[in-house]
Amino acid sequence: MSECTHNCSTCGESCGERTSPQSFLKKPHADAHIGKVFGVVSGKGGVGKSMVTSQLAVSLRRKGYRVGILDADITGPSIPKAFGMHEKAVGTENALLPCVSSTGIEVMSINLLLDDETDPVIWRGPVIGGVVTQFWTDVLWDVDYLLVDMPPGTGDVTLSVFQSIPLSGIVVVASPQELVGMVVEKAVKMAEKMAVPIVGLVENMSYLTCPDCGRKIYLFGEGRSAEAAKKHGLPLLAQMPIDPQLAALTDEGRIEEFKGDWLADAVTALEAR
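Here the structure is a predicted model, which means the values were calculated and not measured.

Visitor: Could you clarify how one ought to interpret the packing of helix H2 (residues 49-62) against helix H9 (residues 264-272) in this entry?
Guide: Each pair of packed helices gets described by two things: the angle between the helix axes and the distance between those axes. The interhelical angle for the contact between H2 and H9, taken along N-to-C directions, is 70 degrees, at an axis separation of 10 Å. Put simply, H2 runs roughly perpendicular to H9. For the pair formed by H2 and H9, the contact residues are Leu56, Ser59 and Leu60 on the first element and Ala266, Val267 and Leu270 on the second. In terms of residue class, the contact of H2 with H9 is built from 5 nonpolar, 1 polar and no charged.

What follows is the structure in structure tokens.
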């Protein structure tokens, strides 16, 4: 056996040091100030994680907290669009500076670094994971709450975030279709395997309010998210309706102007962590 270099990635030996638990947590930038960190995840795409992330950030900011969003969805970033951000992020000799929204929310996203925000990111998983890690280690955050908008599913990037960033917890987002149970279970099982606490479940696109009579119309069914939450012992933090006004403001980059507060209980849950 050759002399140990303490670099397991270059060694094929099976020794006590290799078999002992290894921490992959990365330190943030030395001059950054970061309070609690929460991931917003789902077992599938299309459920509105970015919408939930954005609304959580807006709600926390309205309560006076300094808030940041780390957009970890490298191949499908939508956070800058929602906040009307089109400028480019800049850096110093040793740090990358987040862009700041009109109400003071810090944002770092790959779209803030591309020459053209419509350019596709055609990278393999390890490269994407490395970029997300850099958004944690190289960005000069100054926040009480940092929200991580995850990509769909339970792949490379989600694994990188769970391993490298010290999460205070995650919020699981689902929609009310029949497969919600499976989707939630995937996210819950991954969190359990990675020993990441789950704050609760948010159901998005729960219903549509009739503009004439005010009746709630459950387009995708009713009660499935509550059943999934109960099965896993999770609180159902919110049921967010489909709201044409919210959709229009988001498309216009004015999400901070939306007055709805469906996520009040979710914000309280984050504050309690």
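Visitor: Help me understand the packing of aromatic side chains in this model?
Guide: Under the definition given, this model contains 4 aromatic pairs. For the ring pair Phe258 and Trp262, a centre distance of 5.3 Å and an interplane angle of 45 degrees mean the geometry is tilted. An aromatic cluster of three or more residues is present, and its members are Phe38, Tyr65 and Tyr145. Note that Lys216 overlies the ring of Tyr207, its terminal NZ or CZ placed 4.6 Å from the centroid.

Visitor: Sorry if this is basic, but what is going on with the sheet that holds strand S12 (residues 236-239) here?
Guide: In sheet architecture, strand pairing relies on hydrogen bonds along the backbone and comes in two forms, parallel and antiparallel. Spatial strand order, S5-S6-S2-S7-S1-S8-S9-S12: 8 strands in an open sheet with mixed pairing. Unpaired on one side and paired on the other, strand S5 (99-100) and S12 mark the two borders of the sheet. Bridging between strand S1 (residues 33-41) and strand S7 (residues 142-149) involves 7 bridges; their strand directions are parallel. Considered in S7, the bridge of Lys36 is made with Tyr145. In this fold H2 packs onto S1, strand S2 (67-71), S7, strand S8 (169-174) and strand S9 (198-203), with an angle of close to 165 degrees to the strand it touches most, S7.

Visitor: Explanation requested: the environment of Ala264 in the structure shown.
Guide: Looking at the secondary structure, you find Ala264 in helix H9. Note: C-alpha distance between Ala264 and Met108 (156 residues apart in sequence) is 25 Å.

Visitor: Before we go on, may I ask you to explain helix H7 (residues 224-231) in this structure?
Guide: Along an α-helix, residues three or four apart share an orientation, since each turn contains 3.6 residues. Regarding H7, the residues found buried are Ser225, Ala228 and Ala229. For H7, the angular spread of the buried residues around the axis is 100 degrees, confining them to a single face. Across from the buried face of H7, at angles greater than 90 degrees, the exposed residues are Glu227, Lys230 and Lys231. Those residues of H7 hidden inside the fold are in contact with S8, helix H6 (180-193), S9 and S12. Of the residues flanking the end of H7, it is Gly233, one or two places downstream, whose phi is positive at about 70 degrees.

Visitor: How should I be thinking about the pattern of salt bridges in this particular structure?
Guide: Once their charged atoms are close, side chains differing in charge can pair, the charge on each being opposite to the other. Under the counting rule described, the total for this entry stands at 7 salt bridges. For Arg66, the salt bridge identified is with Asp144, shortest N-O distance 2.8 Å. Here Asp144 lies in strand S7 and Arg66 lies in the loop between H2 and S2, a separation of 78 residues in the sequence. Residue Arg66 is classed as partly exposed on the basis of its relative accessible area, which comes to 35%. Overall, the relative accessible area of 25% leaves Asp144 in the partly exposed class. Overlapping salt bridges, with partners in common, bring together Arg66, Asp142 and Asp144 in one network.

Visitor: Before we go on, may I ask you to explain the side chain of Ser206 in this structure?
Guide: Locating Ser206 in the fold gives a position in the loop between S9 and strand S10 (208-209). What makes Ser206 buried here is its relative accessible area of 1%. Those residues in contact with Ser206 that lie beyond four places of it in its chain are Pro176, Tyr218, Gly221, Gln239, Met240 and Pro241.

Visitor: What is the right way to read empty space enclosed by the protein from this model?
Guide: One way to see where empty space is left: roll a probe the size of a water molecule over the atoms. Evaluated as defined, the whole model comprises 1 cavity of 30 Å³ or more. Of the volumes computed, that of the largest cavity is approximately 30 Å³. Residue lining of the largest cavity: Val41, Ser42, Gly153, Thr154, Thr158, Phe162, Ala187 and Met190, and that is the complete set. Among the secondary structure elements, those contributing two or more residues to the lining of the largest cavity are helix H5 (156-164) and H6. Broken down by class, the residue content of the lining of the largest cavity amounts to 4 nonpolar, 4 polar and no charged.

Visitor: Explain the pairing of S7 here, please?
Guide: Remark: a regular strand shows side chains that alternate across the two faces of the sheet. Counting buried residues in S7 gives 6 out of 8 residues, a clear majority hidden from the surface. The pairing of S2 with S7 spans 5 bridges and is classified as parallel. The partner of Ile69 across the bridge, within S7, is Leu147.

About the cut-offs
Counting of residues starts from 1 at the beginning of each chain's written sequence and follows it residue by residue. Only residues with pLDDT of at least 70 are given local features in this predicted model, and only at 80 or more are side-chain atom pairs given and counted; all residues enter the totals for whole chains, interfaces and linings. Water and hydrogen atoms play no part in the side-chain values, which are based on all heavy atoms of the structure. In this description, a line fitted to the C-alpha atoms serves as the axis of each element, helices being fitted only across the stretch in contact, and the angle between N-to-C directions of two axes falls anywhere from 0 to 180 degrees. Where helices and strands are cited, they refer to DSSP runs of H or I of at least four residues and of E of at least two residues respectively, numbered from the N terminus. For classification purposes, an angle smaller than 35 degrees is called roughly parallel, one larger than 145 roughly antiparallel, one from 65 to 115 roughly perpendicular, and anything else oblique. Two residues qualify as a contact provided that any one of their heavy atoms is within 4.5 Å of a heavy atom in the partner residue. Residue type decides the class: Asp, Glu, Lys and Arg count as charged, Ala, Val, Leu, Ile, Met, Phe, Trp, Tyr, Cys and Pro as nonpolar, and the leftover types, Gly among them, as polar. Two aromatic rings from Phe, Tyr or Trp, using only the six-membered ring of Trp, form a pair when their centres are within 6.5 Å; if the ring planes differ by under 30 degrees the pair is stacked, by over 60 it is edge-to-face, and anything between is tilted. Criterion for a charge above a ring: Lys NZ or Arg CZ within 6 Å of the ring centre, and within 35 degrees of the ring normal. At least two bridges found by DSSP between two strands is the condition for calling them paired. Summary of the burial criterion: residues with accessible area below 20% of their type's maximum are buried, those above 50% are exposed, and those between are partly exposed, where the area comes from a 1.4 Å probe applied to protein chains only. Regarding the arc, it is the one traced by the directions from the helix axis to the C-beta atoms. Salt bridges are counted wherever a side-chain nitrogen of Lys or Arg sits within 4 Å of a carboxyl oxygen of Asp or Glu. Residues are called lining when one of their atoms sits within 4 Å of a cavity or pocket point, these points coming from a 1 Å grid over the protein atoms alone, where a cavity is a set in which a 1.4 Å probe fits but cannot get out and a pocket is an open set with protein on both sides within 12 Å along at least five of seven lines. Grid points are joined across faces, edges and corners, and a volume is the space filled by probe spheres set on the points.

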